[in-house]
Amino acid sequence: MLDERGAQHEDLKALVQAQFAPVAQAYVTSRTHALGGDLARLVALAALTGDEVVLDVATGGGHMALALAPFVRHVIASDLTLAMLHAARDHLVAQGFDRVSYVRCEAERLPCAPASLDLVCCRVAAHHFADVQAFVTGAAQALRAGGRLLISDHIGLEDPELDAFMDRFERWRDPSHVRAYSYRAWHSFCATAGLEVVHQEDDPREPYQFAEWTARIGMPVAEREALEHWLLAAPARLREPFALTVEDGRVVSLRGHFGLIMARKPFI
């Protein structure tokens, strides 16, 4: 029998799958996901030798797995949503990569043997996880000594008002958005799991193009219009940090806040 926390976890899993299964192909073709500058930056940070076994958690359209595949021995691409995993597999196969395995699993319950991986990556997905600490702890257990955890994600803000505003528009657009965690929170997650954060940097991405951003997730028209009106009505002190652009009374674009984090498992 599930306790309240377990029931909430199951509800979130169901919401994530319901949210992303119908739009899986849109995430394969999304320019934002396919061409983001963080892909090359993450590969560079990984400092790959060609012999690594890598796990890409919550692979989505498979873009991180695809970026890593030419430079490592083997990639394991995982996702909770089966339709996403199928879309990612079709995408990578079409690109000619066969050194990839696919596994459906929760990020909090990685099916990997202890000390079996050299690198765990998670790109723009951790904000959907029900228990980020469980994910980081599981990743740490699966990493070999000296292995690394690479994260690219929304990053929470230290200013509570700005953080709450960002959380509201991200969650409104995507109800499966749980939380954007601050760098301080990521340091805590990693330290608890026995990992040391060795690098972090802001990732100044291109703005969200409002029409495409809301359409990609399949946001209903009424909700999209309600979100737009709410953004337009927000005070300047909240709108300006997110570079809200308005033309002819319509929201054209806005920025999220993203960052990259690398943590390492000690040798001792």
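Residues numbered from 1 in each chain as written. Predicted model: local features only at pLDDT ≥ 70, side-chain atom pairs only at ≥ 80, totals over all residues. Heavy atoms only, no water.

1. With respect to the overall build of the chain
Okay, step 1: When its secondary structure is counted, the chain shows 12 helices and 10 strands.
Okay, step 2: Summarising the internal contacts of the chain: among those between residues at least 6 apart in sequence, 75% fall at separations of at least 24.
Okay, step 3: For the chain, the exposed surface amounts to about 12300 Å²; the carbon and sulfur share of it is 55%. (Helix = DSSP H or I, 4+ residues; strand = E, 2+ residues; numbered from the N terminus. Contact = heavy atoms within 4.5 Å. Areas by Shrake-Rupley, 256 points an atom, 1.4 Å probe, with all protein chains shown as cover.)

2. Quick notes on the packing of aromatic side chains
Okay, step 1: The final tally for this structure, using the stated rule, is 13 aromatic pairs.
Okay, step 2: Judged by centre distance (5.1 Å) and plane angle (80 degrees), the ring pair of Tyr181 and Phe189 falls under edge-to-face.
Okay, step 3: Given a relative accessible area of 13%, Phe189 falls into the buried group.
Okay, step 4: One aromatic cluster is present, built from ring pairs that chain together Phe165, Phe169, Trp172, Tyr208, Phe210, Trp213, Trp230, Phe242 and Phe258.
Okay, step 5: Geometry around Trp230 places Arg168 over its ring, the cationic atom sitting 5.9 Å from the centre.
Okay, step 6: For the cation-ring pair, Arg205 lies above Phe258, with the distance from its terminal atom to the ring centre recorded as 4.4 Å. (Phe/Tyr/Trp six-rings, centres within 6.5 Å; stacked < 30°, edge-to-face > 60°. Buried < 20%, exposed > 50% of the residue type's maximum accessible area, 1.4 Å probe, protein only. Lys NZ or Arg CZ within 6 Å of the ring centre and 35° of its normal.)

3. Comments concerning the environment of Leu232
Okay, step 1: Locating Leu232 in the fold gives a position in helix H11 (residues 221–233).
Okay, step 2: Judged by relative accessible area, Leu232 falls into the partly exposed class, the value being 24%.
Okay, step 3: In sequence terms Leu232 and Arg250 are 18 residues apart; their C-alpha atoms lie 7.9 Å from each other.
Okay, step 4: In this view, Leu232 contacts Arg239, Val246, Gly249 and Val251; residues no more than four positions away in its chain are not counted.

4. Focus: the sheet that holds strand E7 (residues 208–209)
Okay, step 1: Reading across the sheet, the three strands line up as E7-E9-E8 and stay open at both edges, with antiparallel pairing between neighbours. In this open sheet, the two edge strands, each paired with only one partner strand, are E7 and strand E8 (245–247).
Okay, step 2: Here three bridges tie E8 to strand E9 (residues 250–254), and the two strands are oriented antiparallel to one another. Note on E9: the bridge partner recorded for Thr245 is Ser253.
Okay, step 3: Across the sheet, H11 lies against E8 and E9, angled at about 80 degrees from E9, the strand it touches most. (Pairing = 2+ DSSP bridges. Axes fitted to C-alpha atoms, helices over the stretch in contact; angles between N-to-C directions.)

5. Quick look at helix H7 (residues 132–142)
Okay, step 1: Counting buried positions along H7 yields eight of 11 residues, so the element is predominantly enclosed.
Okay, step 2: Capping the start of H7, Asp131 holds a side-chain oxygen 3.3 Å from the backbone nitrogen of Gln133, two or three residues further along. (Polar contact = N/O pair within 3.5 Å; in protein donor to acceptor, adjacent residues only side chain to side chain.)

6. Focus: the side chain of Ser78
Okay, step 1: Relative to the elements of secondary structure, Ser78 occurs in strand E2 (residues 74–79).
Okay, step 2: For Ser78, a relative accessible area of 1% puts it in the buried group.
Okay, step 3: Leave out the neighbours within four places in its chain, and Ser78 touches Leu55, Asp56, Val57, Ala58, Thr59, Leu85, Val103 and Cys105.

7. Considerations on the confidence of the model for the chain
Okay, step 1: Looking at the chain, pLDDT values average 89 and 87% of them are 70 or higher.
Okay, step 2: Put simply, helix H2 (residues 24–29) is where the chain has its lowest mean pLDDT, 49, and helix H9 (residues 183–192) is where it has its highest, 98. (pLDDT = per-residue confidence, 0-100.)

8. A look at unusual backbone geometry
Okay, step 1: Phi at Ala58 is positive, roughly 55 degrees, even though this residue is not glycine.
Okay, step 2: Phi is positive for Ala115, which is not a glycine, with a value near 55 degrees.
Okay, step 3: Topologically, Ala115 is positioned in the loop between strand E3 (100–104) and strand E4 (117–123).

9. A word on the nonpolar core
Okay, step 1: Counting residues in hydrophobic clusters, the biggest one holds 35 residues, and the most contacted among them are Val57, Val120, Phe129, Phe135, Val136, Leu149 and Trp186.
Okay, step 2: When contributions to this core are tallied by element, the ones reaching two or more residues are strand E1 (53–57), E4, H7, strand E5 (143–154), H9 and strand E10 (258–264).
Okay, step 3: Counting 22 residues, the second largest nonpolar core, distinct from the first, contains Leu42, Leu68, Leu92 and Leu119. (Core = buried A, V, L, I, M, F, W, Y, C linked by side-chain atoms within 4.5 Å.)

10. Observations concerning the pairing of E4
The side chains of a regular strand alternate, first on one face of the sheet and then on the other.
Okay, step 1: Buried residues dominate E4, accounting for seven of its seven residues.
Okay, step 2: In this sheet, E4 lies alongside E1 in parallel orientation, the contact comprising four bridges. Bridge pairing in E4 links Asp56 to Cys121.
Okay, step 3: As for the winding sense of the linkage, the β-α-β connection from E4 through H7 to E5 is right-handed. (Right-handed = clockwise from strand over helix to strand, strands pointing away.)

11. A short note on the environment of Leu149
Okay, step 1: Examined against the element boundaries, Leu149 turns out to sit in strand E5.
Okay, step 2: Sequence separation between Leu149 and Arg264 is 115 residues; the distance between their C-alpha atoms is 6.3 Å.
Okay, step 3: Leave out the neighbours within four places in its chain, and Leu149 touches Val120, Phe135, Val136, Ala139, Leu143, Cys190, Leu195, Ile261, Met262 and Ala263.

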